[in-house]
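Structural description and commentary
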Amino acid sequence: MSERILIIDFGSQVTQLIARRVRESGVYSEVHPFNSVSVETIKAFDPKGIILSGGPASLTNVDTPRAPDGLFDMGLPVLGICYGQMAMAEALGGKVVSSDHREFGRAFVDIKEDCELFHGVWDVGSREQVWMSHGDRIDAPPPGFRTVATSEGAPFATIADDERRFYGLMYHPEVVHTPHGAKLLENFTHRVCGCAGDWTMAGFKEQEIAKVRAQVGDGKVICGLSGGVDSSVVAVLLHEAIGEQLQCVFVDTGFMRKGEAEEVVNMFREHYNIPLVHRDASELFINKLEGEPDPEKKRKIIGATFIDVFEEEAVKIGGADFLAQGTLYPDVIESVSFTGGPSVTIKSHHNVGGLPERMNMDLVEPLRELFKDEVRKLGRELGLPENFVGRHPFPGPGLAIRLPGGVTREKLEILRNADAVYLDAIRNAGLYDAIWQAFAVLLPVQTVGVMGDARTYDYVCALRAVTSTDGMTADFYHFDMEFLAGVSNRIINEVKGINRVTYDITSKPPGTIEWE
């Protein structure tokens, strides 16, 4: 088993980033909610060290999250981040207070003394940029701690107890706004915890293949292909593990990008020779969705219809013992609220919810420990073509949620063609890999234009392209005006039904990446 780091989650919006940064340094990590962790579960997990995340609560209030009893007596290295630093300080005899000087966003820390976390990163006497997000602060550190860095709003911005290997940061090293944060985390995992950093995707692949074989035995597995990277990686991994025991079902909703359905069918049938049922249900989906303007209702209709069609095809092939799903680690983390209550829903996620219970099958979820970028690495490890695994993210409901105001066959075809032209222009300009996600949106607005000396009254197309490291925050891609002018000209000339093109320059937040 690989060396592991346990991350105890106090409810921060960026806890997942801690796990990603740790894994990027070659160390396996998992996120567990604070209220599910005890000394016993920690021993069972057998970590080399523990990281306490940030969180929205205040330690100055009663009944807010605390570190598990006995944690600091286990002899394990502990790193506390923001709320986690204060939880550690309070548990060990320090004092936490509400601060009149809050810090949110970019800040600077002054390095006063050296410590293991700073090795090869920050020098004594330097001033370093970090990202803060706190209202409370430590007023007095616990006995045994040195203050090694300070900031204007946090006199104990970094504290260190080298003997017990306890460290606390008031800032967030996991976000990109702390430029050297990843190296600070690596110093904790490698120098303090002694991890070798030998967790690899090749090792994960072999481990998962063995786990699938042990779980499935001689049973039959059915896998629902959406045409996306996640389900495709699941299918190829399972085929390598269990061969002919796998049966894939590809439900074509009619909402995929231009040529993608054919690409998926050809790749699985011809390149991988994986048994595949291809059900073209595009007419059924479009009929059910036509004219529906509400994005949440669109998602629910698509999800329910997908389940119905998938179930029909599963019955036709004689059922199966197991259902394979492309559940990812963020889905697993987000399904468990750290308070035990519901989290805020920005928008529903398209998934096969309810299907396992209805069909009486056990789940096989080989990606449930991976983040999206790790799924792509696994796809490459499995030999999937780069132009497939490197594709931009694509929502489960597909083009249906890029048609604000209601889906019609005519608008769907216009959008599909505009999107194809846009992506072709991006690839031709050599920009595809520099962009996290790019797509066209067909607006429910028609405007007057002039084409060939004639009046037109056609649709407006909005173009969207963003840069991001994780999809949690994003900025619009800064195309030069020559590119935008050229792609606008191509869309208007090559796609009948559009006479005006706009470019979306909204970041996330306040917007989302998708429009619906």
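Everything discussed here concerns the structure shown above.
Residues numbered from 1 in each chain as written. Predicted model: local features only at pLDDT ≥ 70, side-chain atom pairs only at ≥ 80, totals over all residues. Heavy atoms only, no water.

Quick look at the environment of glycine 471 now. Along the chain, glycine 471 falls in the loop between strand E16 (454-467) and strand E17 (475-476). Accessibility expressed as a relative area gives 14% for glycine 471, which makes it buried. Glycine 471 sits 276 residues away from cysteine 195 along the chain, and the two C-alpha atoms are 29 Å apart. Residues within four places of glycine 471 in sequence aside, it is in contact with Trp436, Lys508 and Ile513. (Helix = DSSP H or I, 4+ residues; strand = E, 2+ residues; numbered from the N terminus. Buried < 20%, exposed > 50% of the residue type's maximum accessible area, 1.4 Å probe, protein only. Contact = heavy atoms within 4.5 Å.)

Moving on to the pairing of strand E1 (residues 4-9). For E1, the buried fraction is high: 6 of the 6 residues fall into the buried class. Of the two faces of E1, the one holding Arg4, Leu6 and Ile8 and the one holding Ile5, Ile7 and Asp9 are both buried throughout. One ladder, built from 6 bridges, connects E1 with strand E2 (residues 28-33); its direction is parallel. Its bridge partner lying in E2, aspartate 9 is registered against proline 33. Read from E1 through helix H1 (residues 15-24) to E2, the crossover connection turns out right-handed. With 4 bridges connecting them, E1 and strand E3 (residues 49-52) associate as parallel partners. (Pairing = 2+ DSSP bridges. Right-handed = clockwise from strand over helix to strand, strands pointing away.)

Turning our eyes to something else, we now look at the packing of aromatic side chains. Applying the stated criterion across every chain yields a total of 16 aromatic pairs. When the centroid spacing of 6.4 Å and the interplanar angle of 75° are considered together, the rings of phenylalanine 476 and tyrosine 503 count as edge-to-face. Of this pair, phenylalanine 476 sits in strand E17 while tyrosine 503 sits in strand E18 (residues 498-503), placing them 27 residues apart in sequence. Among the residues examined, phenylalanine 476 registers a relative accessible area of 19% and is labelled buried. Through successive ring pairs, a cluster of aromatic residues spans Tyr422, Phe476, Tyr477, Phe479, Phe483 and Tyr503. Taking NZ or CZ as reference, arginine 4 lies 4.4 Å from the ring centre of phenylalanine 45, over its face. Taking the ring centre of phenylalanine 439 as reference, the NZ or CZ of arginine 402 above it sits at 4.0 Å. (Phe/Tyr/Trp six-rings, centres within 6.5 Å; stacked < 30°, edge-to-face > 60°. Lys NZ or Arg CZ within 6 Å of the ring centre and 35° of its normal.)

Burial analysis of H1 places 9 of its 10 residues in the buried class, which makes it a mostly covered element. With its phi angle positive at about 90°, glycine 26 sits one or two positions after the end of H1.

With parallel pairing, 5 strands are arranged side by side in an open sheet as E12-E11-E10-E13-E14. Since the sheet does not close on itself, it has two edges, and those belong to strand E12 (276-280) and strand E14 (362-364), each with one partner. Here the average twist between neighbouring strands, direction ignored, is 25°. Sheet topology places strand E13 (residues 322-324) next to E14; 3 bridges connect them, and they run parallel. Within E14, the residue paired with phenylalanine 322 across the bridge is aspartate 362. Helix-sheet contacts for helix H5 (residues 201-216) involve strand E10 (221-225), E13 and E14, and the interaxial angle to E14 is about 165°. (Axes fitted to C-alpha atoms, helices over the stretch in contact; angles between N-to-C directions.)

As a further point, take the pattern of salt bridges. Counted under the stated rule, the structure contains 32 salt bridges. Among the ionic pairs, glutamate 263 bridges to arginine 391, the shortest N-O distance being 3.9 Å. Taken together, the residues span a long stretch of sequence, with glutamate 263 in helix H7 (residues 260-271) and arginine 391 in the loop between helix H13 (386-389) and helix H14 (409-428) at a distance of 128 residues. As a salt-bridge pair, glutamate 386 and arginine 380 come within 2.7 Å of each other at their nearest N and O atoms. Looking at glutamate 386, the relative accessible area reads 46%, which means it is partly exposed. If you follow the salt bridges from partner to partner, you end up with Arg257, Glu260, Glu263 and Arg391 in one network. (Salt bridge = Lys/Arg side-chain N within 4 Å of Asp/Glu carboxyl O.)

The next thing to look at is the side chain of lysine 298. Assignment of secondary structure puts lysine 298 in helix H9 (residues 295-316). Given a relative accessible area of 0%, lysine 298 falls into the buried group. A distance of 2.9 Å separates polar atoms of two side chains, one belonging to lysine 298 and the other to glutamate 516. Sequence-distant contacts of lysine 298, that is, excluding residues within four places in its chain, are made with Leu289, Glu292, Pro293, Ala400, Leu403, Pro404, Gly406, Val407 and Glu516. (Polar contact = N/O pair within 3.5 Å; in protein donor to acceptor, adjacent residues only side chain to side chain.)

So, about the layout of surface pockets. Approximately 330 Å³ is the volume attributed to the second largest pocket. Lining the second largest pocket are 17 residues, with Arg376, Gly390, Asp433, Ile435 and Trp436 positioned closest to its centre. Sort the elements by how many residues they give to the lining of the second largest pocket and helix H12 (residues 372-381) lands first, with 4 residues. Within the lining of the second largest pocket, the residues separate by chemical class into 5 nonpolar, 4 polar and 8 charged. (1 Å grid on protein atoms, 1.4 Å probe; cavity = no way out; pocket = protein on both sides within 12 Å on 5 of 7 lines; lining within 4 Å. Points joined across faces, edges and corners; volume = space filled by probe spheres on them. Nonpolar A, V, L, I, M, F, W, Y, C, P; charged D, E, K, R; others polar.)

This paragraph deals with the side chain of serine 53. Locating serine 53 in the fold gives a position in the loop between E3 and strand E4 (78-81). Side-chain polar atoms of serine 53 contact the backbone nitrogen of phenylalanine 10, separated by 2.8 Å. Within the structure, the side chain of serine 53 is placed 3.4 Å from the side chain of threonine 15, a separation counted as a polar contact. Beyond its immediate sequence surroundings of up to four residues, serine 53 is in contact with Ile8, Asp9, Phe10, Gly11, Ser12, Thr15, Ile18, Ile81, Tyr83 and Gly84.

Counting residues in each nonpolar core, the largest one holds 67 residues, and the members touching the most others are Ile51, Phe118 and Tyr171. Contact partners of isoleucine 51, with chain neighbours within four places excluded, come to Ile5, Leu6, Ile7, Ile8, Ile18, Val22, Leu79, Ile81, Leu185 and Phe188. Core analysis: the next-biggest nonpolar cluster, separate from the first, contains 51 residues, Ala281, Leu431, Ile435 and Tyr459 among them. (Core = buried A, V, L, I, M, F, W, Y, C linked by side-chain atoms within 4.5 Å.)

Attention now moves to unusual backbone geometry. In this structure, proline 509 follows lysine 508 across a cis peptide bond, with omega equal to -15°. Here the bond from proline 509 into proline 510 is cis, since omega is 15°, no more than 30 degrees from zero. Note that proline 510 resides in the segment after E18. Backbone geometry at arginine 165 places phi at a positive 65°, although glycine is not the residue there.

So, about the environment of lysine 288. Of note, lysine 288 is situated in helix H8 (residues 282-289). Separated by 74 residues in sequence, lysine 288 and alanine 214 place their C-alpha atoms 41 Å apart. Beyond its immediate sequence surroundings of up to four residues, lysine 288 is in contact with Ile301 and Thr305.

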